[in-house]
Amino acid sequence: MRVVAGTARGVALTAPRDRTTRPITDRVKETLFGILADRVVDARVLDLYAGSGAIGIEALSRGAQVVTFVEHGRAAAIALQANLDRTRLAASASVRREEVKRFLEAPRGAPWDIVILDPPYEERDILAPLERVVPVLALDGMVVVKHFWRTDVPAPPGLTPARTRRFGETAL
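These numbers come from a predicted model, not from an experiment.

Parameters and conventions
- Residues numbered from 1 in each chain as written.
- Predicted model: local features only at pLDDT ≥ 70, side-chain atom pairs only at ≥ 80, totals over all residues.
- Heavy atoms only, no water.
- Salt bridge = Lys/Arg side-chain N within 4 Å of Asp/Glu carboxyl O.
- Helix = DSSP H or I, 4+ residues; strand = E, 2+ residues; numbered from the N terminus.
- Buried < 20%, exposed > 50% of the residue type's maximum accessible area, 1.4 Å probe, protein only.
- Pairing = 2+ DSSP bridges.

## Notes on the pattern of salt bridges
Counted according to the given criterion, the structure contains 5 salt bridges. Glu58 is the salt-bridge partner of Lys29, the closest N and O atoms lying 3.7 Å from each other. In this pair, Lys29 sits in helix 1 (residues 26-36) while Glu58 sits in helix 2 (residues 54-61), placing the two residues 29 residues apart along the sequence. Both residues of the pair, Lys29 and Glu58, count as buried. Note that Arg62 and Glu58 form a salt bridge whose closest N and O atoms lie 2.8 Å from each other. Under the relative-accessibility criterion, Arg62 is labelled partly exposed at 25%. According to the relative accessible area criterion, Glu58 is buried, its value standing at 0%. Within the structure, one salt-bridge network assembled from shared partners comprises Lys29, Glu58 and Arg62.

So this is what it looks like as structure tokens:
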């Protein structure tokens, strides 16, 4: 796993050695950022269920103004901080080590231009976090959900599905 493009291009990223974190593949990351394109430059990004931080770090490397990472797992948060240090992007990042639902009860840093959710595949209740994201999303903001391809992603009021892309068992 590495940073695909931008100021930290080619820097290797680490992931925790537990089974709770599923690192994003370079192929999926390239497609995601191809879709987001110029929206990333100067964007305020919220990376929920951040894991090793690969998605948010890619956004920073490609010119995002700031990224807030929310990750509850200890091992993942340690890997995330190490990755921010390794890429020298920590100055534009904020890491919150807490549950996503708790963070969204009193979010700090809103509004966000891009919100990325990559919940554990076993987490069935994606609707609650999506509903809580709507009020903190910038007017023309975008929400991306990385999920198991067979899991339906509900669209709460205020969000309109735009497109779905599938990569094996993963969908965006």
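What follows picks up the thread again.
## Section: the sheet that holds strand 6 (residues 147-148)
Here we have 3 strands laid out as an open sheet, ordered 6-8-7, and antiparallel in their pairing. Every other strand in the sheet has two partners, leaving strand 6 and strand 7 (166-167) as the edge strands with one partner each. Bridge count between strand 6 and strand 8 (residues 170-171): 2 bridges; the pairing is antiparallel. Counterpart to His147 in the pairing with strand 8 is Ala171.

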